[in-house]
Every structure is written in structure tokens, then in C-alpha cells.
Amino acid sequence: MLETTIAAIGPLDESAMTAARDLQARLTKPAGSLGALEDLSVRLAGLAGACPPPLPEPAAVAIFAGDHGVHAQRVTPWPQEVTAQMIGNFLAGGAVVNAFARQAGASVTVVDVGVATPLSFPPEATAGTEVSGGAEAAGGRAVPTGRAAGATGGPAGAALAPPRLVDANVRRGTRDMTVTAALTPDEVRAAIGVGIRVAGELIDAGAGVLLTGDMGIANTTPSAALIAAFTAVDPAESTGRGTGVDDETYRRKVGVVRTALDRHRPDPADPLGVLAAVGGLEHAALAGLILGAAARRVPVLLDGVIAVSAALAAAAFAPDAVGAMIAGHRSAEPGATVALRHLGLDPLVDLGLRLGEGTGALLALPVVTGAVRVLHEVATFDAAGVSEK
């Protein structure tokens with residue numbers, strides 16, 4: 001699946017991009033006055049191979065969840081059980097990502113690709129939730145919120161489908177990357193395959209843009225390791241404070257990333273090997289989602305540091321996949337800026353966010369839609385009878 005997906009990814013269509021630039025020059029506005037939005041609309045035309053490109057709607061958020069063996073190194077004060085508890089919160093509609101998704105009219109799909117705690121939620125946390133794959137019951141505890149999972153949302157007030165849970169658990173969390181490789185190559189391939197399949201299912205269901213989401217306590221630590229491995233920066237430059245750790249924990253976290261990289265010495269030319277050495281199951285699945293969308297020439301709106309670290313892996317597998325990527329926002333995590341610079345992507349918004357879940361991507365979604373809507377709806381000088389300079 002991975003090889004056939006990579007083979008389907010091609011460069012942006014130059015003729016469509018030229019047509020989009022020409023159209024931008026004829027619209028009733030000063031040339032270049034929409035700044036980065038004009039460049040974005042041109043790129044999206046190149047991705048679609050059409051001018052104007054399709055409107056990026058409806059939007060679908062895919063939240064990939066996994067746990068991490070490196071949690072044992074005390075890189076975060078949060079207990080690992082929170083990963084499963086937050087999945088319950090997502091399904092109940094009570095997380096920030098749900099609020100933003102309702103505002104944007106986006107669907108939410110939660111994918112258990114590597115949660116350590118078997119998932120089991122009380123009825124009030126999963127009311128109306130579709131469960132795919134038969135998630136195992138036992139252990140996990142949801143966080144009831146009292147919010148309706150299928151609340152009305154979106155600018156037009158359309159009723160959204162309730163969040164959906166997909167059971168695609170590859171293994172119950174990764175191994176501790178400071179002791180051994182976090183994953184085997186086969187496990188990485190399986191997780192990438194999950195992401196590719198989810199992308200295909202969402203696109204087949206009509207999604208015009210995919211948004212990356214993630215959940216996994218301690219997942220900023222493997223993200224920092226991935227970014228350092230792919231960009232060759234020092235771990236101190238790629239590692240941030242995650243959920244807001246204190247100075248002592250931060251120093252330990254940098255040391256943990258350095259230890260893992262020194263132990264494995266991953267080769268950035270071997271993205272599967274890098275993901276196996278220091279990655280997470282949600283990172284591998286996110287890379288698969290990006291590759292799957294790029295193969296179908298559908299844009300992917302990236303969230304924060306977890307997403308952009310996975311995007312580095314996707315770009316290492318298929319450099320042309322970058323053409324499908326849109327940087328939704330600049331995470332407060334320093335590694336995100338390092339990764340975006342390496343990918344050559346400029347973020348659309350910069351609000352100091354560091355929550356994850358897909359929240360920053362959702363806030364950027366109207367900007368992306370607006371960039372494309374201009375090509376569809378704004379009159380040209382000739383059509384409007386407006387004089388040019």
C-alpha cells in the first residue's frame with residue numbers, strides 16, 4: 001500500500017498554476033493585495049490540476065491517538081491514562097477540537113492507532129457515536145461532558161454527524177525509544193496503512209480537505225526527535241515544553257531526545273527507519289494520511305508540532321507530497337518552526353497555540369476556503385466594468 005500510494009503522488013500542475021496567476025491578475029483588486037492567499041490559491045489550483053480549484057469543503061478532521069513508551073522517562077507530568085480519557089471527551093463532543101469543528105462545520109474522526117489503555121466508555125460519552133472495527137472494551141475511562149455529540153455546527157447551522165471512533169490499534173503504545181527502537185518496521189508500515197486508508201475513506205465520503213489531529217500524552221518528545229532526525233538540528237532546538245513542563249523536566253526531555261538519537265542514529269534518507277527508531281504510531285498514521293491525500297490530490301491542512309514532524313516523514317517518502325500540505329498555524333513548540341522551515345511552508349496563523357488535537361488547523365480553515373473562494377466568486381475588471389490602473 002505504501003509503495004503504490006507514493007507512486008501515485010506527482011508534482012503540482014504548472015498549467016493550472018499559470019491559469020490561477022493570470023486570473024488573480026485580472027480580479028477586481030490591486031495585484032498581490034491578498035498576499036499569501038494568492039500564492040495559496042495558485043498552489044491549490046496546481047494540486048487540483050484545475051483553475052479555479054474545488055472549494056476545500058466539506059472538511060474532515062482525523063485525530064490519530066497513540067501512547068509512548070518514552071513516557072516512562074518522566075518527560076511530562078500528565079499520566080498516560082489521559083490519552084484514553086481525552087478520546088472519550090472527543091467522542092462526547094466536549095474538547096476544544098469539537099467546539100472549533102462545530103464552528104467550522106467539520107466532521108471529526110478519532111482513530112485509535114496505538115492507545116495503551118483499551119478503550120471502554122460509558123453510554124453518555126459515546127451516545128450517537130459510530131464505532132468502526134470493534135474497539136476493545138476494558139480499562140479506559142471517558143470524561144463525560146454533557147454536550148451532545150451531534151450538536152449543530154458550521155456557519156450555515158447544518159447538523160453535523162457525531163464524532164466517529166475507528167479502532168485500528170497496531171499495538172498498545174510504542175516501546176521506550178531510549179532503550180530500544182520505538183516500533184518495528186512492520187508496525188510502522190501498518191500504522192502508515194491506517195492513515196492511508198482513513199484518508200481514502202474520508203475522501204470517498206466527500207471530504208474536500210483533510211485536517212490533521214492528534215492525541216497522545218508525551219508525544220511532543222518523539223516529535224522533537226523526528227524533527228531533529230530529519231532536519232539535523234540539535235535536540236535543544238527541536239524540543240519544547242509540550243504541555244508546559246518545568247525547567248527540570250524540560251532539561252530531562254532534551255536529554256531523552258538526545259539519548260534516543262545517539263542510540264539509534266536514524267538516517268533521514270530512510271523515513272521508515274526514522275519512524276521505527278523514534279516515532280509514534282500517530283506520527284506514522286499522520287504521515288500515511290498526508291501521503292494518501294497527496295495521492296488523491298486533496299489538500300491536507302496541518303496542525304501543530306506533531307503534524308509537521310509527521311509531515312517531514314511524508315516528505316521524505318515522497319517530496320511531491322509537500323504540494324498537498326498547508327501549514328495551518330505556527331505552534332509555540334520551537335520544533336514546529338524548524339520543521340516548517342525545512343518543508344518550505346509558511347503558516348497561515350500564529351497565535352501561540354500548543355494544544356494539538358487539530359485546533360490550529362481548524363482555525364486556519366476559513367482562510368484556506370477564502371483563498372479559493374476568491375477565484376470562484378470575485379469579478380474580473382472586464383466583467384465588472386471596473387477600470388484598471
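As a reminder, the structure under discussion sits directly above these lines.
These numbers come from a predicted model, not from an experiment.

Enquirer: Help me out: how do you make sense of the overall build of the protein chain in this one?
Expert: When its secondary structure is counted, the protein chain shows 16 helices and seven strands. Rg of the C-alpha trace for the protein chain: 20 Å, near the compact-globule value of 21 Å for 389 residues, within the 12% margin. Taken over the C-alpha atoms alone, the protein chain extends approximately 70 × 45 × 40 Å along its principal axes. Within the protein chain, the fraction of its 389 residues that count as buried is 57%. Contacts spanning at least 24 positions in sequence make up 79% of the contacts within the protein chain whose residues lie at least 6 apart. Roughly 14,700 Å² of accessible area belongs to the protein chain as shown, and the carbon and sulfur atoms make up 53% of that amount. For the protein chain, the centre of its 28 positive side-chain charges and the centre of its 38 negative side-chain charges are spaced 3 Å apart.

Enquirer: Could you clarify how one ought to interpret the pairing of strand β4 (residues 164–167) in this entry?
Expert: Working note: regular strand, side chains alternate between the two faces of the sheet. In β4, alternate side chains face the same way, and those of Arg 164 and Val 166 on one face and Leu 165 and Asp 167 on the other are all buried. Alignment of strand β2 (residues 107–114) against β4, held across four bridges, turns out to be parallel. Each residue of the ladder has a partner; that of Val 111, found in β4, is Val 166.

Enquirer: I tried to follow the pattern of salt bridges on my own but got confused; where do I start?
Expert: Where charged atoms from two side chains of opposite charge approach closely, those side chains can pair. Counted according to the given criterion, the structure contains 13 salt bridges. Of the charged contacts in the structure, one is a salt bridge between Glu 237 and Arg 341, with a shortest N-O distance of 3.5 Å. Placement of Glu 237 in helix α9 (residues 235–238) and of Arg 341 in helix α14 (residues 334–343) is noted, with a sequence separation of 104 residues between them. Using a relative accessible area of 36% as the deciding quantity, one classes Glu 237 as partly exposed. Between Asp 350 and Arg 330 there is a salt bridge whose closest N-O contact spans 3.3 Å.

Enquirer: Just checking my understanding: could you explain the layout of surface pockets for this structure?
Expert: Unfilled space is identified by rolling a water-sized probe across the atoms. Considered as a void within the structure, the largest pocket measures approximately 540 Å³ in volume. Forming the boundary of the largest pocket are 30 residues, of which Met 215, Ile 217, Thr 243, Arg 354 and Leu 355 lie nearest the centre. Broken down by class, the residue content of the lining of the largest pocket amounts to twelve nonpolar, eleven polar and seven charged.

Enquirer: What's the story with the packing of aromatic side chains in this structure? I'm lost.
Expert: Note on aromatic pairs: each is described by the distance of the centres and the angle between the planes. Tallying each qualifying case throughout the model produces zero aromatic pairs. Against the face of Tyr 250 rests Arg 241, its NZ or CZ located 4.9 Å from the ring centre.

Enquirer: Would you explain the nonpolar core in this entry?
Expert: Most often, soluble globular proteins have nonpolar side chains that are buried together. By size, the foremost hydrophobic cluster in this structure holds 116 residues, and its most contacted members are Phe 64, Leu 210, Leu 211, Val 278, Leu 301, Leu 302 and Met 325. The leading source of residues in this core is helix α13 (residues 305–317), at eleven residues. Excluding anything up to four places from it in sequence, Leu 301 contacts Val 209, Leu 210, Leu 211, Thr 212, Ile 326, Ala 327, Gly 328, Ala 361, Ala 364, Leu 365 and Val 368. One finds Leu 23, Leu 27, Val 374 and Leu 375 within the second-largest nonpolar core, a separate group that totals eight residues.

Each value, and the rule that gives it
The written sequence of each chain sets the order in which its residues are numbered from 1. Two thresholds apply to this predicted model, a pLDDT of at least 70 for residue-level local features and 80 or more for giving and counting side-chain atom pairs, whereas whole-chain, interface and lining totals are computed over all residues. Here the side-chain values reflect all heavy atoms present in the structure, with hydrogen atoms and water set aside. Per the convention used, a helix needs a DSSP run of H or I reaching at least four residues, while a strand needs a run of E reaching at least two, with both numbered from the N terminus. Taken over C-alpha atoms, the radius of gyration is set against a globule rule of 2.2 Å times the number of residues to the power 0.38. Throughout, exposure labels follow a simple rule: accessible area from a 1.4 Å probe, protein chains only, divided by the maximum for the residue type, with under 20% read as buried, over 50% as exposed, and the rest as partly exposed. Two residues qualify as a contact provided that any one of their heavy atoms is within 4.5 Å of a heavy atom in the partner residue. Values of accessible area rely on a 1.4 Å probe in the Shrake-Rupley scheme; residue burial ignores everything except the protein chains shown. Charge counting treats Lys and Arg as positive and Asp and Glu as negative, with His and both chain ends excluded. Charged side chains are reduced to one point each, which is NZ for Lys, CZ for Arg, CG for Asp and CD for Glu. Pairing between strands is defined by DSSP: at least two bridges between them are needed. For this analysis, a salt bridge means a side-chain nitrogen from Lys or Arg found within 4 Å of a carboxyl oxygen belonging to Asp or Glu. Definitions used for this entry: grid spacing 1 Å over protein atoms alone; cavity, a set of points where a 1.4 Å probe fits but cannot get out; pocket, an open set with protein on both sides within 12 Å along at least 5 of 7 lines; lining residue, one with an atom within 4 Å of a point. Grid points are joined across faces, edges and corners, and a volume is the space filled by probe spheres set on the points. Residues are sorted three ways: Asp, Glu, Lys and Arg are charged, Ala, Val, Leu, Ile, Met, Phe, Trp, Tyr, Cys and Pro are nonpolar, and all the rest, Gly among them, are polar. Any two rings among Phe, Tyr and Trp, with Trp reduced to its six-membered ring, count as a pair given centres within 6.5 Å; such a pair is stacked if its planes are under 30 degrees apart, edge-to-face if over 60, and tilted if neither. Throughout this description, the term charge over a ring refers to an Arg CZ or Lys NZ atom that lies within 6 Å of the ring centre and within 35 degrees of the ring normal. For this analysis, a nonpolar core means a set of buried residues of the types Ala, Val, Leu, Ile, Met, Phe, Trp, Tyr and Cys, connected via side-chain atoms within 4.5 Å.

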